[in-house]
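Below, each chain spelled out in residue letters.
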Amino acid sequence: MRIFPYTKEGLALAWLPKRKGKRKEKDILDFILRIQSSFLNRSGDIVAPAYEDARPFSGGLASVGSGDSYGFIDTEGNLAIPFLYEWAGGFVGDLGGVGKDGKYGFINKKGETVVDFVFDIPSLDVLPYYPQHNLQAVRTGRMRGLLNDRGEWVAEPKYERLYCGEDPLVGLQKDGKVGFVNLSGDVVIDFQFMGIPVHSDSDSFGSGSISYCYRFSEGRAIVLMPPKWGSSGWYSGYGVIDMEGKLLFTFDAHPHGLYSEGYLAVQKFREKKAGLFDRKGNWIPLPDEVCLPFPSATNEVRGGILNVLISKSKEMVDFSETRGDFKAEYLKIIEDGKK
């Protein structure tokens with residue numbers, strides 16, 4: 001069973017096996033066919049029927065799928081909006097995104113259409129960042145835009161990429177450059193930072209460190225630095241900016257999340273070192289045997305605790321090649337400037 005983080009409704013999405021047993025899945029399709037989705041309360045009790053597909057609660061409702069149709073359930077597990085849609089995202093405020101007849105529009109919590117079905121299905125990569133800002137992503141062809149929870153434009157669909165973090169500044173990419181707007185759509189930081197190339201009709205960032213660029217958290221955002229002259233790479237490393245767009249420092253390690261509780265967790269594969277940057281860019285090394293798991297929100301400092309992997313050889317090595325040589329541990333962050 002895999003459990004996702006609890007939402008403010010106090011419920012967590014859980015992937016449950018359809019059948020008991022320890023048979024190893026042959027591939028990702030076999031894995032998907034062997035799981036079902038439900039929801040757990042903080043006592044670990046299942047509070048909703050099992051569905052073929054589901055997404056976490058937001059705005060008091062969760063989208064669930066049965067066969068080729070999607071609807072929404074409430075926090076008691078009752079069906080609140082019938083299975084009428086081909087696809088369903090999440091609610092922000094009173095606006096929920098759904099797909100119908102191959103197009104994407106928005107409904108309210110009564111199931112009434114608020115924004116007509118005129119958009120293409122948006123990328124899932126960016127949606128998890130929006131609910132805290134009451135924003136919804138839309139896509140028209142290869143262009144992206146943002147609506148607020150009243151169905152009003154924050155950014156019309158004329159941007160190549162969208163970047164939302166935890167702070168109320170949204171990154172937009174146009175003509176290969178990234179700038180930032182506030183939640184009213186006003187430009188706060190000019191379009192000056194190099195963007196992430198778009199190679200297909202997809203907003204996918206893939207996985208890894210780059211997916212954390214241009215997302216503000218605790219007044220800081222990671223940006224990509226231009227390639228150095230004569231370099232074969234398309235970027236030369238990372239930088240950190242403040243909410244005025246000022247570059248505070250640069251680094252060549254790989255970020256493993258966003259700033260959280262004053263720290264940014266990074267890993268230097270070439271030098272086999274993991275560590276933290278504080279908000280000013282001061283480097284705090286972690287013990288030599290410490291590695292960070294694959295980049296994700298679980299690598300951020302939460303409650304003064306950092307999830308890490310400890311190498312049994314007492315030396316950091318390539319986690320992707322030697323999974324069996326690690327054990328999961330937790331580090332407590334002691335704010336004395338030394339640990």
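We now examine the overall build of the protein chain. A count of helices and strands for the protein chain gives one helix and 28 strands. The buried share of the protein chain, taken over its 339 residues, is 48%. Within the protein chain, contacts between residues separated by at least 24 positions form 39% of all contacts whose residues are at least 6 apart in sequence. Surface exposure of the protein chain reaches about 17300 Å², of which carbon and sulfur atoms provide 51%.

This paragraph deals with the pattern of salt bridges. For the coordinates displayed, the defined rule picks out eight salt bridges. Through salt bridges with shared partners, a single network forms among D149, R150 and E152.

Below, the discussion takes up the sheet that holds strand β7 (residues 79-85). Reading across from one edge, β4-β5-β6-β7 is the order of the four strands in this open sheet, with antiparallel pairing throughout. The open sheet has two free edges, formed respectively by β4 (53-54) and β7, since each of these has just one partner strand. In terms of strand pairing, strand β5 (residues 62-66) meets strand β6 (residues 69-73) through five bridges, oriented antiparallel. Each bridged residue has a counterpart across the sheet, and for A62 the counterpart in β6 is I73.

Turning our attention to the environment of G185. Take G185: it is sitting in the loop between β17 (177-181) and β18 (187-194). Of the residues examined, G185 reaches a relative accessible area of 25% and is grouped as partly exposed. Here the alpha-carbon distance between G185 and V170, two residues 15 residues apart in the chain, equals 8.6 Å.

With that settled, the discussion passes to the environment of D186. As for its placement among the helices and strands, D186 is situated in the loop between β17 and β18. A relative accessible area of 44% places D186 in the partly exposed class.

This brings us to the sheet that holds strand β27 (residues 305-311). Spatially, β26-β27-β28 is the arrangement adopted by the three strands of the open sheet, whose pairing is antiparallel. Edge strands, defined here as strands with exactly one partner in the open sheet, are β26 (290-291) and β28 (326-332). Note: β26 against β27, two bridges, orientation antiparallel. From the neighbouring strand, C291 faces β27, where its bridge partner is L309.

This part takes up the nonpolar core. The biggest cluster of nonpolar side chains holds 28 residues, and the ones touching the most others in it are F180, F193, Y214, L224, Y238, F251 and L264. Contributions of two or more residues to this core are made by β17, β18, β19 (221-225), β20 (237-241), β21 (247-251) and β23 (264-268). When residues of this core are assigned to their parent elements, the largest contribution, five residues, is made by β19. With residues up to four places along the chain from it excluded, the contact list for F193 reads G176, K177, V178, F180, Y214, V223, I241 and G245. In this structure, L276, L306, V308 and I333 belong to the second largest nonpolar core, which totals 13 residues.

A word on the packing of aromatic side chains. For the structure shown, the criterion picks out 17 aromatic pairs. Consider the rings of Y51 and F83, whose centres lie 6.2 Å apart with planes at 40°: the pair is tilted. Taken together, the positions of Y51 in the loop between β3 (35-40) and β4 and F83 in strand β7 put the pair 32 residues apart, joining distant regions of the chain. Assessed through its relative accessible area of 13%, Y51 is described here as buried. Seen in terms of ring centroids, F249 and F277 are 5.2 Å apart; in terms of plane orientation they differ by 45°. Their pairing is tilted.

To continue, consider the side chain of H256. Here H256 is to be found in the loop between β22 (254-255) and β23. Reaching out from H256, the side chain makes a polar contact with the backbone oxygen of P293 at a distance of 2.8 Å. Among the polar contacts listed, one links the side chain of H256 to the side chain of N299, at a separation of 3.1 Å. Setting aside chain neighbours within four positions, we find H256 in contact with Y212, A265, V266, Q267, F269, L292, P293, F294, P295, S296 and N299.

For the protein chain, the average pLDDT comes to 84, and 84% of its residues sit at 70 or higher. Segment residues 125-130: pLDDT under 50, and 23 contacts once partners within four positions in sequence are set aside and those in other chains are kept.

Despite not being glycine, N134 shows a phi value in the positive range, around 55°. Mapped onto the secondary structure, N134 falls in the loop between β11 (113-119) and β12 (135-140). Under the relative-accessibility criterion, N134 is labelled partly exposed at 29%. Even without being a glycine, Y214 presents a positive backbone phi close to 65°. Within the element layout of this structure, Y214 appears in the loop between β18 and β19.

Cut-off values and rules
Residues numbered from 1 in each chain as written. Predicted model: local features only at pLDDT ≥ 70, side-chain atom pairs only at ≥ 80, totals over all residues. Heavy atoms only, no water. Helix = DSSP H or I, 4+ residues; strand = E, 2+ residues; numbered from the N terminus. Buried < 20%, exposed > 50% of the residue type's maximum accessible area, 1.4 Å probe, protein only. Contact = heavy atoms within 4.5 Å. Areas by Shrake-Rupley, 256 points an atom, 1.4 Å probe, with all protein chains shown as cover. Salt bridge = Lys/Arg side-chain N within 4 Å of Asp/Glu carboxyl O. Pairing = 2+ DSSP bridges. Core = buried A, V, L, I, M, F, W, Y, C linked by side-chain atoms within 4.5 Å. Phe/Tyr/Trp six-rings, centres within 6.5 Å; stacked < 30°, edge-to-face > 60°. Polar contact = N/O pair within 3.5 Å; in protein donor to acceptor, adjacent residues only side chain to side chain. pLDDT = per-residue confidence, 0-100.

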